[in-house]
Amino acid sequence: MFCWLSRLYRGLSRPTRRTTQLIWGSFSRSLVLSSQRRIPELSSFVARTNTCGELRPSHLGQEVTLCGWIQYRRQNIFLVLRDFHGLVQVIIPQDESAASVKKILCEAPMESVVQVSGTVISRPPGQENPKMPTGEIEIKVKTAKLLNSCKKLPFEIKDFVKKTEALRLRYRYLDLRGVQMQYNLRLRSQMVMKMREYLCNLHGFVDIETPTLFKRTPGGAKEFVVPSREPGKFYSLPQSPQQFKQLLMIGGLDRYFQVARCYRDEGSRPDRQPEFTQIDIEMSFVEQTGIQSLIEGLLQYSWPSDKDPVVVPFPSVTFAEALASYGTDKPDIRFGMKIVDISDMFRNTEVGFLQDVLSKPQGTIKAICIPEGEKYLKRKDIESIRKFAADHFNQEVLPIFLKTNNWNSPVAKFIMEEQGLGLIRLLETQEEDVVLLTAGEHKKACSLLGKLRLECADLLEARGVVLRDPALFSFLWVVDFPLFFPKEENPKELETAHHPFTAPHPSDIHLLYTEPQKVRSQHYDLVLNGSEIGGGSIRIHDAELQHYILATVLKEDVKLLSHLLQALDYGAPPHGGIAIGLDRLMCLVTGAPSIRDVIAFPKSFQGHDLMSNAPDSIPPEELKPYHIQVSWPTDSETEKSSLNHPCHPES
């Protein structure tokens, strides 16, 4: 790679040999430095000699200057000073000659910022605090300076103090001082730095920024619109740098990487934000296995040292297998309770509705086994499960108790009498297990049992059963997705399962022109503990094939993508890539309840910044240059919008 780039530089700018040696000499030295583990200098360039969290008995007798926040004060004798690195105990001087120092440290409100200078001394015997890393020493203060006083706080800066999320977001700058938020954001920074090192320094990727102001992209999620000064013309904020990274491959960059900001105009959920960050990657001359190996190595290299190491390679299942066994394309494989097809056991059944289901083309009978369900599931739980199935899937769920027939279901009793032993053998059930059985169209039955599998896991864990080890990280590749899905509003038309640039599976290209709904794609998802944390594909690099899919199959306006179609005609290399959702990954790694806990300044459920009150109104005169005006909704439209909001209790 170095030789190729050296020749390129000589051909473009004809540098002297000395210049070329300087470029590569500097680059080589940076590689050596990056591979050596260095202790960061946390007090360089600032008005302190040390951090609060680093002092140990080895520092005894040293004169130090510390800066931080007053976290705790007791009897005006000592206080605890906090900074980003930790806590240290400070002795408040009591002698008359240090009255001014005592006044500052005793009168400053909690969370005031102070600078203290003094000597590191040992704590008196018996007063050491083994729970504090600095618990063997304390600071004997000589001078103190109040850098800034703190007014009355809206909440205490302590993680164990319960606060509403709205209050935390309104005073985010205070919430960030908490230990957990500090840990989350610093771990995020460390992991991103390790990812950069792995990709750029070890594997020659190029970190390239792509535009934020772009044009509307057909299909996919809704995009944020940005007005321009040209009448009737708007920019769009990109959902991802998808087109740009493909264009970079056509431009010969070979290996691209970016910590990319992306935007989707959708309602927030615990694992989604209107603006989010992804580790965006694209490579030329690569196949699916190459991308997968790269990502496995990337995660293994950047994984936090305080977690169990990542084991590679990750297991892999097809989309069809994931749906059949787990009822979802993002299965949590930390626990069992797999869906089992028991259709063959009932081919000769006398139960009428089971006969009707099996007589249909996609008709099937599925079941899951809830371990010790009879012990942990209550009658109201079973009723809730059956109601959920009826309300959301229009399906019947039959609970079958293996130990005693304590559920009043004649059909379940009949099934147990007819097929009991075979059912027990096939599902590998134990005495106190409960079987949930449903019959219907394959995809619908699997999706229902997939939901119930997770719901029952929640119920069991709420009652003390450990099913999903929070310290276990189970990665899984899901492959061979369909290339297209039928549109919900018009099942006769097709829409892309992911995005229109995904290449069809080589074995299925012939079906593209006859039965496109049966074509598999070269798309792959990375799942961690039941959450999708990444997705990518091998791309279409043939202009004719891309045009056919856009115009003929998807019936999209190809003019919107004329620039990409034109670029594909100029010698586009085979290429593929992936994007890892950084926010979601960090949420899982840290065990945070929401991605908002791993983002410094997130939006609320409604997409609002509660701290600054964004979005905000703009005066009409400031809208004039953009040739737009606000059309205010009527009361009925406002009420309808509120009811349809994803966070509304009725939606």
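What counts and what doesn't
Residues numbered from 1 in each chain as written. Predicted model: local features only at pLDDT ≥ 70, side-chain atom pairs only at ≥ 80, totals over all residues. Heavy atoms only, no water. Helix = DSSP H or I, 4+ residues; strand = E, 2+ residues; numbered from the N terminus. Buried < 20%, exposed > 50% of the residue type's maximum accessible area, 1.4 Å probe, protein only. Contact = heavy atoms within 4.5 Å. Areas by Shrake-Rupley, 256 points an atom, 1.4 Å probe, with all protein chains shown as cover. pLDDT = per-residue confidence, 0-100. Salt bridge = Lys/Arg side-chain N within 4 Å of Asp/Glu carboxyl O. Expected span 1.5 Å × (residues − 1). Arc of directions from axis to C-beta. Patch = residues over 30% accessible without salt bridge, like charges linked within 9 Å, V, L, I, M, F, W, Y side chains within 5 Å. Pairing = 2+ DSSP bridges. Phe/Tyr/Trp six-rings, centres within 6.5 Å; stacked < 30°, edge-to-face > 60°. Lys NZ or Arg CZ within 6 Å of the ring centre and 35° of its normal. Axes fitted to C-alpha atoms, helices over the stretch in contact; angles between N-to-C directions.

Asker: Looking at this structure, I do not really get the overall build of the chain. What am I missing?
Answerer: In terms of regular secondary structure, the chain is built from 19 helices and 21 strands. When burial is assessed residue by residue, the chain has 45% of its 651 residues classed as buried. Counting contacts in the chain only where the partners sit at least 6 residues apart, residues at least 24 apart contribute 67% of the total. Per element, the accessible surface of the chain, about 35400 Å² overall, is 53% carbon and sulfur.

Asker: Looking at this structure, how should I read the confidence of the model for the chain?
Answerer: When pLDDT is low, close inspection of the predicted coordinates is not appropriate. Averaged over every residue, the pLDDT of the chain is 90; residues scoring 70 or more account for 88%. Note on residues 1–35: pLDDT is under 50 here. Beyond four places in sequence and across chains, it has 15 contacts. A low-confidence stretch, residues 645–651 (pLDDT under 50), is modelled with 12 contacts involving residues beyond four sequence positions or located in other chains.

Asker: Even after reading the chapter, I still don't get the pattern of salt bridges, so can you show me in this structure?
Answerer: Oppositely charged side chains may form a pair once their charged atoms are brought near each other. Within this structure, the stated rule accounts for 32 salt bridges. In this structure, the salt-bridge partner of D175 is R172, at a minimum N-O distance of 2.9 Å. Of this pair, D175 and R172 both sit in helix α5 (residues 172–175), separated by three residues, roughly a single helical turn. Each member of the pair, D175 together with R172, is buried. E372 serves as the salt-bridge partner of K375, at 3.9 Å between the closest nitrogen and oxygen. Salt bridges sharing partners connect three or more residues here, namely R168, R172, D175 and D597.

Asker: I tried to follow helix α12 (residues 379–393) on my own but got confused; where do I start?
Answerer: Since the α-helix advances by 3.6 residues per turn, residues separated by three or four positions end up pointing in the same direction. For α12, with 15 residues, the first-to-last C-alpha span of 21 Å sits near the 21 Å given by 1.5 Å per residue. Within the sequence span of α12, burial applies to D381, I382, I385, A389 and F393. Angularly, the buried residues of α12 cover 105 degrees about the axis, an arc narrow enough to put them on a single face. Opposite the buried face of α12, by more than 90 degrees, sit the exposed residues K380, K387 and D391. Packing partners of the buried residues in α12 comprise α11 (373–376), β14 (397–401), β15 (434–441) and α14 (442–462).

Asker: Just checking my understanding: could you explain helix α7 (residues 242–250) for this structure?
Answerer: Where burial is concerned, most of α7 is hidden: eight out of the nine residues are buried. Lining the buried residues of α7 we find β9 (255–263), β10 (275–284), α16 (562–568) and β21 (575–581). Positive phi appears at G252, one or two residues downstream of α7, with a value of about 85 degrees.

Asker: Quick question: what am I supposed to make of a nonpolar patch on the surface here?
Answerer: Where nonpolar side chains cluster on the molecular surface, the patch consists of Y173, F601 and M611 and spans about 300 Å² of accessible area. By the secondary structure assignment, M611 is in the loop between α17 (582–590) and α18 (620–623). Residue classification places M611 among the partly exposed positions, given a relative accessible area of 31%.

Asker: What exactly am I supposed to notice about the pairing of β14 here?
Answerer: The side chains of a regular strand alternate between the sheet's two faces. Extensive coverage of β14 is indicated by the burial of five of its five residues. Covered by surrounding structure in β14 are V397, P399 and F401 together with L398 and I400, the residues of both alternating faces. Examined bridge by bridge, β14 and β15 share five bridges and lie antiparallel to one another. By the bridge assignment for β15, L398 is matched with L437.

Asker: Would you mind going over the packing of aromatic side chains with me for this structure?
Answerer: Ring pairs (aromatic) are described by centroid distance and by the angle formed between their planes. In the structure shown here, the tally under the stated rule is 13 aromatic pairs. Their ring planes at 75 degrees and their centres at 6.5 Å tell us that F155 and Y171 sit as a pair that is edge-to-face. Placement of the pair is F155 in the loop between β5 (137–148) and α4 (165–170) and Y171 in the loop between α4 and α5, with a sequence separation of 16 residues. In terms of burial, F155 and Y171 fall into one category: buried. Ring centres of F388 and F393 lie 6.0 Å apart, and the angle between their planes is 55 degrees; this geometry places the pair in the tilted category. Just above the ring of F335 sits the side chain of R453; from NZ or CZ to the centre is 3.8 Å. Here the basic side chain of R468 rests over the ring of F335, its NZ or CZ set 5.7 Å away from the ring centre.

Asker: What should I look at first to understand the sheet that holds β15 in this one?
Answerer: To summarise the sheet geometry, strands pair through backbone hydrogen bonds and adopt either a parallel or an antiparallel arrangement. Pairing is antiparallel in the open sheet, where four strands are placed in the order β12-β13-β15-β14. The outermost strands of the open sheet, each flanked by one partner alone, are β12 (340–341) and β14. Looking at chain direction, β12 and strand β13 (residues 363–370) are connected through two bridges and run antiparallel. When the sheet's bridge partners are listed, V340 is paired in β13 with A367. α12 rests against β14 and β15 of the sheet, and its axis sits at about 155 degrees to β14.

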